[in-house]
Amino acid sequence: MTHQNKITFKKLIQYFYIAITGKETEFTTGSIRKAIFMLSIPMILEMLMESIFALVDIAYVSQVSVNAVATIGLTESVITLVYAVAIGLSMAATAVVARRIGEKDLKGARESAVQAILLGILVSLIVGVIGFLFAKEILALMGAEPDLIAEGYGYTQLLIGGNVTILLLFLINAIFRGAGDASTAMWTLVLSNGLNIILDPIFIFGWGPVPEFGVMGAAIATNIGRGTAVLFQLAILFFGWSRIKVGVKDVVVRLQVMMNLVKVSLGGIAQFLIGTSSWVFLMRMMSEFGSEVLAGYTIAIRVMLFTLMPSWGMSNAAATLVGQNLGAQQPDRAETSVWKTGRYNAYFMLVVSVVYLLFAKQIITFFNATPAVVANGALCLQIIAAGYIFYAYGMVVTQAFNGAGDTKTPTKINFIAFWLFQLPFAYLASITFNLGAMGVFLAITLAEVLLAVIAIVWFRKGAWKKVQV
């Protein structure tokens with residue numbers, strides 16, 4: 001190893017340490033590559049923690065029954081739909097907080113953070129009551145068979161009923177990310193998912209005085225783990241351990257700030273309603289092919305999330321860089337950050353796609369060895385992985401629009417890719433032309449490729465640089 005390489009490696013380790021400890025907070029000056037690294041590392045680790053938990057969760061639940069796995073798939077497709085509001089709100093929080101930080105307006109950033117949290121609590125209470133009271137009806141609506149509903153409704157009831165823990169964890173982390181406190185967001189997820197992984201087997205299989213809850217135990221573990229992390233997040237905000245410090249005097253309703261957040265979040269809400277409702281319809285189509293096919297699809301999607309999460313980490317870094325640099329009146333630096341982040345993401349996704357194409361069956365078998373589950377899960381993994389490089393750019397560019405506060409443009413792109421193309425194609429291919437599950441998998445890949453192409457063309461026009469939030 002040359003002297004130069006030693007210096008580079010040493011500097012890399014040094015940067016990694018600075019990134020995960022959150023010592024670097026200035027992203028509107030200096031090296032763009034360094035800024036991407038400092039924000040991406042904790043965001044990637046944060047998302048990896050999230051996806052490791054998702055994989056561990058499905059591995060434990062797979063030991064209960066095929067129905068239990070299918071229950072998680074159906075419940076998550078519904079809960080993602082009702083979270084559209086929260087996800088849109090999180091986008092707005094990241095965009096507005098990042099813009100205020102770029103403008104050096106800490107008071108404005110703090111006020112926006114508090115209003116986002118108050119809105120999030122209101123949404124979660126409404127969703128929680130509906131989910132707790134109508135869990136059986138929700139599963140039936142999704143096409144679940146009576147035995148699946150009987151076994152799994154407790155999971156649905158607790159997960160949707162206790163959604164305030166998941167929602168606030170997500171929302172407050174979005175605030176931290178907007179402020180450039182990516183490492184704080186990462187450590188809260190380390191706590192949350194670490195607890196989840198420890199508590200999962202205890203509540204699912206029963207241990208000591210704790211009875212065996214089956215699939216419902218996964219929901220109990222999730223609520224305890226994430227609830228603890230939310231208390232940790234609130235402590236960070238109130239004790240001022242991050243860039244944003246909130247006092248009791250700040251916890252008041254500020255209608256003007258709240259309405260600005262609602263305005264920015266409307267595009268994000270519509271964006272995710274389009275994307276997630278499309279996912280719900282796809283899940284409904286998959287349920288037509290039986291529980292084993294549905295279980296294979298659910299496992300494949302969970303495995304994919306394991307690798308898409310780091311990509312989301314890089315995409316979130318791009319959103320923060322765009323928001324802060326626009327606030328600092330540096331639109332060209334914002335644009336350069338996006339293209340560089342997209343390129344790094346594409347390198348990563350290329351490696352992942354090769355692994356999936358070569359080892360799909362072995363990966364699915366690790367979670368469930370039922371032949372029909374393995375066959376369908378592997379096919380899903382291979383077909384969707386074929387478009388991974390397109391997803392890399394699509395995700396980064398879409399998040400860049402959101403980071404600028406331009407949530408309307410990705411909404412239009414999602415509408416074209418998912419509703420006008422993906423759903424009709426999936427139905428025609430799987431049902432009309434009898435391709436079955438393969439028709440749905442093809443629809444997912446082609447829609448994501450189309451989304452990436454449209455997003456890049458639109459981004460090059462540059463209208464996002466003029467958006468005010």
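Here the structure is shown first, and the text comes after it.
First, a word on what this report is: a plain description of the structure on this page. (Residues numbered from 1 in each chain as written. Predicted model: local features only at pLDDT ≥ 70, side-chain atom pairs only at ≥ 80, totals over all residues. Heavy atoms only, no water.)

Looking now at the overall build of the chain. If you tally the helices and strands in the chain, you get 17 helices and zero strands. The C-alpha radius of gyration of the chain comes to 22 Å, within 12% of the 23 Å expected for a compact globule of 469 residues. Across the 469 residues that make up the chain, the buried fraction comes to 58%. With an accessible surface of roughly 18,900 Å², the chain has 70% of that area assigned to carbon and sulfur atoms. For the chain, the distance from the average site of its 31 positive side-chain charges to the average site of its 23 negative ones is 14 Å. (Helix = DSSP H or I, 4+ residues; strand = E, 2+ residues; numbered from the N terminus. Rg over C-alpha atoms; globule rule 2.2 N^0.38 Å. Buried < 20%, exposed > 50% of the residue type's maximum accessible area, 1.4 Å probe, protein only. Areas by Shrake-Rupley, 256 points an atom, 1.4 Å probe, with all protein chains shown as cover. Lys, Arg positive; Asp, Glu negative; His and termini not counted. Charge placed at Lys NZ, Arg CZ, Asp CG, Glu CD.)

On to the side chain of Ser353, then. The residue Ser353 is located in helix H13 (residues 331-367) in this model. Discounting residues that sit within four places of it in the chain, Ser353 has contacts with Ala385 and Tyr388. (Contact = heavy atoms within 4.5 Å.)

Looking now at the nonpolar core. Grouped together as the largest cluster of nonpolar side chains are 75 residues, with contacts concentrated most on Tyr297, Tyr356, Leu381 and Tyr388. If you tally residues by element for this core, the top one is helix H12 (residues 291-327), at ten residues. Excluding residues that lie within four positions of it along the chain, Tyr356 makes contacts with Val303, Met304, Thr307, Ile363, Leu381, Gln382, Ala385 and Tyr388. Listed in part, the 32 residues of the second largest apolar core include Ala116, Ala179, Leu189 and Val467. (Core = buried A, V, L, I, M, F, W, Y, C linked by side-chain atoms within 4.5 Å.)

This part covers the side chain of Asn196. Counting through the fold element by element, Asn196 comes out in helix H9 (residues 182-205). Setting aside residues no more than four positions away along its own chain, Asn196 makes contact with Phe53, Ala221, Thr222, Gly225 and Arg226.

All told, the structure shown has 13 aromatic pairs when counted by the stated rule. Seen in terms of ring centroids, Phe366 and Phe367 are 5.2 Å apart; in terms of plane orientation they differ by 90 degrees. Their pairing is edge-to-face. Exposure remark for Phe366: the relative accessible area of 66% places this residue in the exposed category. Counting every residue linked through ring pairs, the aromatic cluster contains Trp339, Phe401, Phe459 and Trp464. (Phe/Tyr/Trp six-rings, centres within 6.5 Å; stacked < 30°, edge-to-face > 60°.)

Another point: helix H2 (residues 32-62). Helix length check: H2 (31 residues) gives 43 Å between terminal C-alpha atoms against 45 Å at 1.5 Å per residue, within 8%. Along its length, H2 shows its largest kink, about 30 degrees, at Ser40, and proline Pro42 lies within four residues downstream of that point. Of all the 31 residues making up H2, 22 are buried; the element is thus mostly covered by neighbouring parts of the structure. Backbone nitrogen of Arg33 and a side-chain oxygen of the N-cap are separated by 3.3 Å at the start of H2; the cap is Ser31. (Expected span 1.5 Å × (residues − 1). Bend = angle between axes of the 7 residues up to and from the residue. Polar contact = N/O pair within 3.5 Å; in protein donor to acceptor, adjacent residues only side chain to side chain.)

Take the environment of Met49 next. Considering the arrangement of structural elements, one finds Met49 in helix H2. Residues Met49 and Gly194, spaced 145 residues apart in sequence, show a C-alpha to C-alpha distance of 8.3 Å. Among all residues touching Met49, those that are not within four sequence positions of it are Leu189, Val190, Asn193 and Gly194.

Here the focus is helix H15 (residues 388-403). With 16 residues, H15 ought to run about 22 Å at 1.5 Å a step, and its terminal C-alpha atoms sit 22 Å apart, in line with that. Burial analysis of H15 places 13 of its 16 residues in the buried class, which makes it a mostly covered element.

A word on the packing of H13 against H15. In the contact formed by H13 and H15, the axes pass within 7 Å of each other and the chain directions differ by 150 degrees. Considering only the axes of H13 and H15, their crossing is right-handed. Touching Val338, Trp339, Thr341, Gly342, Arg343, Asn345, Ala346, Met349, Leu350, Val352, Ser353 and Tyr356 of H13 are Tyr388, Ile389, Tyr391, Ala392, Tyr393, Met395, Val396, Val397 and Ala400, all from H15. A breakdown of the residues in the contact of H13 with H15 according to their chemical character gives 16 nonpolar, four polar and one charged. (Axes fitted to C-alpha atoms, helices over the stretch in contact; angles between N-to-C directions. Left-handed = near helix turned anticlockwise from the far one by under 90°. Nonpolar A, V, L, I, M, F, W, Y, C, P; charged D, E, K, R; others polar.)

Turning our eyes to something else, we now look at the pattern of salt bridges. Per the stated rule, a full pass over the model turns up eleven salt bridges. Where Glu24 meets Lys34, a salt bridge forms, and the shortest distance between an N and an O atom there is 3.5 Å. Of this pair, Glu24 sits in the loop between helix H1 (3-21) and H2 while Lys34 sits in helix H2, and the two are ten residues apart along the sequence. On the basis of relative accessible area, Glu24 is assigned to the partly exposed category, the value being 23%. Between Arg284 and Glu288 there is a salt bridge whose closest N-O contact spans 3.0 Å. Among the residues examined, Arg284 registers a relative accessible area of 32% and is labelled partly exposed. The structure contains a network of salt bridges with shared partners spanning Lys107, Glu111 and Arg254. (Salt bridge = Lys/Arg side-chain N within 4 Å of Asp/Glu carboxyl O.)

Despite not being glycine, Lys104 shows a phi value in the positive range, around 65 degrees. If you trace the backbone, Lys104 turns up in the loop between helix H4 (84-102) and helix H5 (106-133). Residues other than glycine seldom take positive phi values, yet Gln329 does so here, at roughly 60 degrees. Here Gln329 is to be found in the loop between H12 and H13. Exposure remark for Gln329: the relative accessible area of 67% places this residue in the exposed category.

Following both chains from N to C, one finds H12 and helix H14 (residues 371-385) inclined at 40 degrees, their axes separated by 7 Å at the closest point. Between H12 and H14, the angle falls in the class oblique. Crossing hand, H12 versus H14: right-handed. Across the interface between the two elements, Glu292, Val293, Ala295, Gly296, Tyr297, Ile299, Ala300, Ile301, Val303 and Met304 of H12 pack against Ala372, Val373, Asn376, Gly377, Cys380, Leu381 and Ile384 of H14. Of the residues that constitute the contact of H12 with H14, the class distribution is 13 nonpolar, three polar and one charged. (Parallel < 35°, antiparallel > 145°, perpendicular 65-115°, else oblique.)

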